[in-house]
Structures are given as C-alpha cells and as structure tokens.
Amino acid sequence: MAGSQCEGCPSASNCTTEQQENCKGTQDPQSFLEPANKYSNIKKVIGVVSGKGGVGKSFMTASLATEMKKAGCKVGIMDADITGPSIPKMFGVTGEAYGNSENMIWPAETKDGIKMMSINLLMENPEDPVIWRGPVIGGAVKQFWTDVIWGELDYLFVDMPPGTGDVPLTVFQSLPIDGVIIVTSPQELVQMIVKKAYKMAMAMNIPVLGVVENFSYLNCPDCGKQIKLFGESHVEEVAKQLAIPLLGQIPLDPKVAQAADEGAFYAMENPYLEKAIEILKQC
C-alpha cells in the first residue's frame, strides 16, 4: 500500500516499494493548493461548514462576515454553495459581476463594503438552476479563488455546500483554509452532523475553530420565555467530546429572516457570536 507521502499521486497504485521510497521528501504536501492571483492578498481564509443542509450555514457566514466588518476588518465572502447560492440575496446585491482585460473578475460589494463572489453574480438570470456535475462545480469554486480580484482582505469567509462531497473536498484541497467553523442545530442527530464535519476537517489537517448552534430557541414575544422548538440542545456535550469550543447558540429571530428577505442583512447585529469573533481575531 502506498504510504502517506504518496497520497494524491495519480500513479501511487502502480508504484513499487522502491519507487515510493525514492519519492519520499520530493512531494509538496500542499501541491493541490491553487495560488492566489497577483491582485489578491488575503490574510485568513475561514470555511463555514455543516454535515447536512438546512442548518443556517449561509446565515452564519453572513453573520460572521458582518460582525468582523463592524470590528474594522476588511472582509470578503466566497459563496461556494454553487447549486444553492443565497449570499447576494441576503445583502441585496444584484446585477452581474464584470471582468477586466486580463479575464479577471471584480467581486461585488455590499452597502457596508463586504466583497463577495457568487455564481448568481455570473448568471443572466439568478433564478435559473445550476445543473452541473461535481467536477464543473469544483472548477467554478477554484476560479472564485484564482480569478477574482479580492484585493486586500483580513478575512475571506467561504460559505461551503453541506456535506462531505466533491465541492467541500475541492475547497479543502485547493484553498489555504486557516480554520473551519461548524454550524449545526439542536436536533438529536446533531452528534452525527458535527462529527462528520469534524472528521473531514481532521482528515484534511484543517483546524476546527469551534461549533455554532443555530435555531437554539425562540424567545416568546409576549413573556420572553425560551421556547425550544427543536428540543433540548446536545451541542455542549458534543463540543466537549471533540474538545472544540462552543462559539455560540443562536435563537430564531423573525427580524433576521425579514432582513435577509429584504436584502438588508448588513444592518443586522448578532450579539450571540462574541466568542466566535474573539476566536477569529486570534486565529
């Protein structure tokens, strides 16, 4: 069996033991990383991931980006959820992105100055579905890294597609991810969701900065009581098992949903992410 130094080599299964020994030390462990273009200088790349869909990953990406922007950082969002892009809509960004004479692409900007790139900004009709196979989707994500003029950024947040398939793998292998934040919800299957995302990150040698629980509860508008619509939370237990920080528990808030629908997410504040912001500043 090929050793760890042969991982990713297309000829590994055909090599003799002697050939494998001769290759030791000659392979770059980051050989799959795509170089950033000359117009981009990004200090930190943070992936926002989940083990399944429907847990509010895009909401969390937008929240983290907005809070870091308010903290005085230069921020961008890469919407890598190619078949389910929602970031432009949340910030009220419309129209098509345009390029320069070198076939590079200028990102769009929100009203508060967050740069973003999404497949919706490259389509004539953003409501048309993206019916592509995995390799084509992965290629688009790579181009969001290599061909977009991001400029000077302190943080680039990558809104990842759910699960552990082609596109998350492409992002982990192609982009210099400095860490991931896992997003989950309170249901019983939370342990499986978080552990899948955690184990994939560990397999790719990417630090897990912590976990955020979304939809934790609803504050009753009349009495203020916390209503746990999805049952008791288990996220603290899972975070302790995996020895990762619990970065926040976010309640359901109709005002947030309304702001996203109206394209005014940049105006929202999320006081429940204070610990996540502190972790990001330190990473």
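Enquirer: So what's going on with the overall build of the protein? Which residues, and what values?
Expert: Along its length, the protein carries 9 helices and 10 strands. Relative to its full complement of 283 residues, the protein shows a buried share of 48%. In the protein, once contacts between residues fewer than 6 apart in sequence are set aside, the share between residues at least 24 apart is 76%.

Enquirer: I'd like a rundown of a nonpolar patch on the surface, residues and numbers included.
Expert: Residues Ile227, Leu229 and Phe230 make up a contiguous nonpolar surface patch of about 250 Å² in total accessible area. Along the chain, Phe230 falls in the loop between strand 9 (226-227) and helix 7 (235-242).

Enquirer: Just give me the short version of the sheet that holds strand 4 (residues 115-117), but keep the residues and values in it.
Expert: Strand order in the open sheet formed by 8 strands is 3-4-2-5-1-6-7-10, and the pairing between neighbours is mixed. Each edge of the open sheet carries a strand with a single partner, namely strand 3 (108-109) and strand 10 (246-249). Here 3 bridges tie strand 7 (residues 208-213) to strand 10, and the two strands are oriented parallel to one another. The residue of strand 10 that forms the bridge with Glu213 is Gln249.

Enquirer: Go over the nonpolar core, please, and point to the residues and values.
Expert: One recurring pattern in soluble globular proteins is that nonpolar side chains are buried together. Counting residues in hydrophobic clusters, the biggest one holds 43 residues, and the most contacted among them are Met78 and Val171. Listing elements by their share of this core, those giving two or more residues are strand 1 (40-49), helix 4 (134-146), strand 5 (151-159), helix 5 (166-174), strand 6 (179-184), helix 6 (190-203), strand 7 and helix 7. Examining the composition of this core, we find that 6 residues originate from one element, helix 6, more than from any other. With 37 residues, the next largest nonpolar core counts Ile77, Ile181, Ile277 and Leu280 among its residues.

Enquirer: Please give an account of the packing of helix 4 against helix 5 that cites residues and values.
Expert: Close contact between helix 4 and helix 5 brings their axes to 9 Å; oriented N to C, the two are set at 35°. The handedness of the crossing between helix 4 and helix 5 comes out as right-handed. Judged by residue contacts, Gly134, Pro135, Ile137, Gly138, Val141 and Lys142 of helix 4 engage Asp166, Val167, Thr170, Val171 and Ser174 from helix 5. Class assignment of the residues belonging to the contact of helix 4 with helix 5 gives a composition of 5 nonpolar, 4 polar and 2 charged.

Enquirer: Any details on the environment of Leu273? Residues and values, ideally.
Expert: Relative to the helices and strands, Leu273 resides in the loop between helix 8 (254-261) and helix 9 (274-282). As for Leu273 and Gly248, which are separated by 25 residues in sequence, their C-alpha atoms are 5.5 Å apart. Once residues within four sequence positions are removed from consideration, Leu273 is found in contact with Met60, Ser63, Leu64, Val212, Leu247 and Ile250.

Enquirer: An account of a negative patch on the surface is needed here, citing residue identities and associated values.
Expert: A cluster of acidic side chains, namely Glu96, Glu124, Glu127 and Asp128, defines a negative patch on the protein surface. Looking at the element boundaries, Glu96 is found in the loop between helix 3 (87-91) and strand 3.

Enquirer: Can you tell me about the pairing of strand 1, naming the residues and giving the values?
Expert: Within strand 1, 7 of the 10 residues are buried, which leaves it mostly tucked inside the rest of the structure. Both strand 1 and strand 5 contribute to a ladder of 8 bridges, which runs parallel. Bridge assignment links Ser40 to a residue of strand 5, and that residue is Gly151. Bridge count for strand 1 against strand 6 is 4 bridges, and the pairing is parallel. Paired with Gly47 across the two strands is Val180, which belongs to strand 6.

Enquirer: Help me get a handle on the packing of helix 2 (residues 57-70) against helix 9, residues and values and all.
Expert: As a packed pair, helix 2 and helix 9 sit with axes 10 Å apart at the nearest point and diverge in direction by 70°. By the criterion of interaxial angle, the relationship of helix 2 to helix 9 is roughly perpendicular. Classified by chirality, the crossing of helix 9 by helix 2 is right-handed. Contact residues: helix 2 offers Leu64, Glu67 and Met68, while helix 9 offers Ala276, Ile277, Leu280 and Lys281. For the contact of helix 2 with helix 9, the residue count by class is 5 nonpolar, no polar and 2 charged.

Enquirer: Now, about the pairing of strand 5: what can you tell me, with residues and values included?
Expert: Here strand 5 lies mainly inside the structure; 8 of its 9 residues are buried. The sheet contact formed by strand 2 (residues 75-79) and strand 5 spans 5 bridges and is parallel. The partner of Asp79 across the bridge, within strand 5, is Asp159.

What counts and how
- Residues numbered from 1 in each chain as written.
- Predicted model: local features only at pLDDT ≥ 70, side-chain atom pairs only at ≥ 80, totals over all residues.
- Heavy atoms only, no water.
- Helix = DSSP H or I, 4+ residues; strand = E, 2+ residues; numbered from the N terminus.
- Buried < 20%, exposed > 50% of the residue type's maximum accessible area, 1.4 Å probe, protein only.
- Contact = heavy atoms within 4.5 Å.
- Patch = residues over 30% accessible without salt bridge, like charges linked within 9 Å, V, L, I, M, F, W, Y side chains within 5 Å.
- Areas by Shrake-Rupley, 256 points an atom, 1.4 Å probe, with all protein chains shown as cover.
- Salt bridge = Lys/Arg side-chain N within 4 Å of Asp/Glu carboxyl O.
- Pairing = 2+ DSSP bridges.
- Core = buried A, V, L, I, M, F, W, Y, C linked by side-chain atoms within 4.5 Å.
- Axes fitted to C-alpha atoms, helices over the stretch in contact; angles between N-to-C directions.
- Left-handed = near helix turned anticlockwise from the far one by under 90°.
- Nonpolar A, V, L, I, M, F, W, Y, C, P; charged D, E, K, R; others polar.
- Lys, Arg positive; Asp, Glu negative; His and termini not counted.
- Charge placed at Lys NZ, Arg CZ, Asp CG, Glu CD.
- Parallel < 35°, antiparallel > 145°, perpendicular 65-115°, else oblique.

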